[in-house]
Amino acid sequence: MCARQTCKAILNPMCQVDFRAKLWVCNFCFNRNTFPPQYSAISEQNQPAELIPQFSTLEYTITRAQASVPPIFLMVVDTCVDEDELKALKESLQMSLSLLPPNALIGLITYGKMVQVHELGCEGISRSYVFRGTKDYTAKQVQEMLGLGKGAPAPQGAQGQRPGGLGSQPQPPANKFLQPVHKCDMSLTDLLGELQRDPWPVSTGKRPLRSTGVALSIAVGLLESSYPNCGGRIMSFIGGACSQGPGQVVDDEFKHPIRSHHDIEKDNIQFMKKATKHYETLAKRAADNGHAIDMYSCALDQTGLMEMKSVCNMTGGNMVMGDSFNSALFKQTFQRVFSKDPKGEFKMAFNATLEVKCSRELKISGSIGPCVSGGKKDGSISEVEIGIGNTTSWKFCALNPSSTVATFFEVTNQHGAPIPQGGRGCIQFITSYQHASGQRRVRVTTVARNWADPATALPHIAASFDQEAAAVLMARMAAWRADSTDEGADVLRWVDRMLIRLCQKFGEYNKDSPDSFRLPENFSLYPQFMFHLRRSQFLQVFNNSPDETSFYRGCLNREDLTQCLIMVQPILYSYSFQGPPEPVLLDTSSIQPDRILLMDTFFQILIFHGETIAQWRAAGYQNQPEYANFKQLLEAPIADAQEVLLSRFPVPRYIDTEQGGSQARFLLCKVNPSQTHNNQGWGGSDGAPVLTDDVSLQVFMEHLKKLSVSSQA
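Keep in mind it's a predicted model, so treat the numbers as computed, not measured. (Residues numbered from 1 in each chain as written. Predicted model: local features only at pLDDT ≥ 70, side-chain atom pairs only at ≥ 80, totals over all residues. Heavy atoms only, no water.)

1. Comments concerning the overall build of the protein
Each helix and strand counted, the protein has 18 helices and 24 strands in total. Here the C-alpha radius of gyration of the protein, 28 Å, is about what a compact globule of 713 residues would show, namely 27 Å. Along the first, second and third principal axes, the C-alpha atoms of the protein reach 80 × 80 × 60 Å. Among the 713 residues that make up the protein, the fraction classed as buried is 52%. Long-range pairs, those at least 24 residues apart, make up 70% of the contacts in the protein with a sequence separation of at least 6. Total accessible area computed for the protein in this model is approximately 33300 Å², and 52% of it derives from carbon and sulfur atoms. Of the side chains in the protein, 68 bear a positive and 70 a negative charge, and the two mean positions are spaced by 8 Å. (Helix = DSSP H or I, 4+ residues; strand = E, 2+ residues; numbered from the N terminus. Rg over C-alpha atoms; globule rule 2.2 N^0.38 Å. Buried < 20%, exposed > 50% of the residue type's maximum accessible area, 1.4 Å probe, protein only. Contact = heavy atoms within 4.5 Å. Areas by Shrake-Rupley, 256 points an atom, 1.4 Å probe, with all protein chains shown as cover. Lys, Arg positive; Asp, Glu negative; His and termini not counted. Charge placed at Lys NZ, Arg CZ, Asp CG, Glu CD.)

What follows is the structure, encoded as structure tokens:
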């Protein structure tokens, strides 16, 4: 590690090394550092792994700081749900106990009109502390009422001191509310089995009184006072909207529906601003202590995810949205939370910080991802803020193998000095996190890119353009803008403006001649990604509730590139008797009577049977031995869909439909409407027309060419 206090970058292949004097020069601050004694044997021939260029990412296990605290899981359960729902949820929770490591700490809070914090480990009787659901409790009040923290009789890790520093012997449990699974496994299984619906009577025409906001506040207070700075998850299971107390999103009268996008536009939102502020404060408190908050929302109506989105998006917790706790979608998704890698360890990491170092010619604008600002300031911060800016480090309370963060940089010339051509700019990402096994690990990725002058070396810059990554970064920026500041229409105008500027810069054309317009090979798909982004549910809120919009945008901000690209432009495969399955254009022309289509939008997996195939299937040909090949054709997309369903988190909704079926709408709203009711008369009968006034990709491209080559622009 670089010895300069303000730098602390880590040794990497871009450093200059003097093997004879055992010195290395930091490539970020140019400080000369000596190698520690463990490196005394290095030479040109015997290089350490850090200096080998192929290893751009290295992971270190920190042996000094062995944390003694296992992962913590605190379940927060809504009891204002129907009997069937509660039964299914209890079964899922009991199942999850068997998937947890025996030393993991577990706790249970249930809520309806009141909030109950259950004591675990007291034999024979079940005790719980009851809190009012209409009053907000500060962390200090929760601490005193539950008898935690200072002055509590239970022996525990001293407050304020990091539990990592307490020596490696396991500490006795800090309180009776969070106990190791192996101790309270039986009593907790019984306790869950005996959970009843919320006993408060609900009169007709009224919603049950549900105090989600207070329950989450108590959960955050409980973990904050017992295990600050340790990896933990608050898993909340929500069966309806919060209807009383802090964080309330709707009142208890059914005749007053929960807010829609239309209400938000008209500013007809009684509870939204106050509730959002309540949940943001909770999210900030949880994030400061390294605790993630998961939301499993299963209800037919909205549950207020829009107001609560910050608790997942700022802490890196999972946000899952389903119709019922009794659905396969919820059960499989929840089971997948506890999936393990080949070594038998959880695929989750806790309490991580990401720090970014960059060369002097670069400035950091910000990041977009499931994180909060680490509040670290130095000279490499740009004045242009994108996403969460004004810092060079970010905090993630939970990570999984596909967590991805988008980081934005700005190239700046310092003191008017030109950037040295032929040199390289370097960026280093340092992620330190608590592994599922309790170890502290540090992962270091260092990348370098050559500098090129746009005035003379534009083809070099164009050659390194990655259209897929660019489309996902634009999608995240657009969704961030739509979420935080701008109106929908302004965001669409911004996306269009950026696309036109890109085409003007890198396209080849003669002024005012649209037909002469050409884009380089590695830019060719980018305009169609933007076309689908403009139509996607991230920017178009029509036909989606505010909760759904928040859920979709939340997923876009955390998944990896391949998954995000599927969300922006879904994949379509065709199955027919003509040959093996093949990818086809996401276009109305792909909808043919003798084809089966499989569409993957990340959130849904849809199998669509063309008209002829649907008629044959209805006639039952697949059950006759002489039509075995038809039976195979029907089974092929189902097998491929199963493969996707098995690996994805959250589990997508599975839809099986046919030409003219009501659920065919999911396919028709995604395909490019090259045939609509307006142009079908002379366009031939190839494909299926879509009844829409949206412009097609062909019209979009014509307009784009016109605007890009126009001399007025």
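2. Here's the deal with the nonpolar core
Ile-109, Ile-218, Ile-234, Met-295 and Met-530 are the most contacted members of the largest nonpolar core, which has 97 residues in total. Tallying contributions element by element places helix H11 (residues 488–506) first for this core, with 9 residues. For Met-295, the residues in contact, after removing those within four places along its chain, are Leu-216, Ser-236, Ile-238, Leu-305, Met-308, Val-311, Cys-312, Asn-318, Met-319 and Val-320. One finds Ala-104, Leu-191, Tyr-296 and Phe-649 within the second-largest nonpolar core, a separate group that totals 33 residues. (Core = buried A, V, L, I, M, F, W, Y, C linked by side-chain atoms within 4.5 Å.)

3. Section: the packing of aromatic side chains
The geometry of an aromatic ring pair is captured by the separation of the ring centres together with the interplanar angle, meaning the angle of the planes. Scanning the entire structure with this criterion turns up 26 aromatic pairs. Ring geometry for Phe-334 and Phe-338: centres 5.3 Å apart, planes at 85 degrees, overall edge-to-face. Measuring from centroid to centroid gives 5.6 Å for Trp-616 and Phe-630, while their planes differ by 85 degrees, and the two rings are edge-to-face. Taken together, the residues span a long stretch of sequence, with Trp-616 in helix H15 (residues 611–619) and Phe-630 in helix H16 (residues 628–647) at a distance of 14 residues. Put simply, the rings of Phe-73, Phe-237, Tyr-296, Phe-325, Phe-330, Phe-334, Phe-338 and Phe-346 pair up and form one aromatic cluster. Seen from the ring of Trp-494, Arg-481 lies directly overhead, with NZ or CZ sitting 4.2 Å from the centre. (Phe/Tyr/Trp six-rings, centres within 6.5 Å; stacked < 30°, edge-to-face > 60°. Lys NZ or Arg CZ within 6 Å of the ring centre and 35° of its normal.)

4. Considering the sheet that holds strand E18 (residues 424–434)
What the 6 strands build is an open sheet, ordered E4-E19-E18-E13-E16-E15; its pairing is antiparallel. Strand pairing shows two members of the sheet lacking a second neighbour, strand E4 (57–62) and strand E15 (372–373), which therefore form its edges. (Pairing = 2+ DSSP bridges.)

5. With respect to the sheet that holds strand E2 (residues 23–25)
Strand order in the open sheet formed by 3 strands is E1-E2-E3, and the pairing between neighbours is antiparallel. The sheet is open, and its two edges are formed by strand E1 (16–18) and strand E3 (32–34), each paired on a single side. Shown here is a sheet whose adjacent strand axes are inclined to one another by a mean of 25 degrees, direction ignored. The pairing of E2 with E3 spans 3 bridges and is classified as antiparallel. Following the sheet pairing, Val-25 is matched in E3 by Arg-32. (Axes fitted to C-alpha atoms, helices over the stretch in contact; angles between N-to-C directions.)

6. Focus on the environment of Arg-259
Relative to the helices and strands, Arg-259 is located in the loop between strand E10 (232–238) and helix H5 (261–265). C-alpha separation for the pair Arg-259 and Gly-304, spaced 45 residues apart in sequence, amounts to 8.9 Å. Apart from the residues within four sequence positions on either side, Arg-259 is in contact with Ile-264, Ile-269, Met-272, Gln-302, Gly-304, Leu-305, Met-306, Glu-307, Pro-546 and Asp-547. Polar side-chain contacts of Arg-259 include one of 2.7 Å to the side chain of Glu-307. (Polar contact = N/O pair within 3.5 Å; in protein donor to acceptor, adjacent residues only side chain to side chain.)

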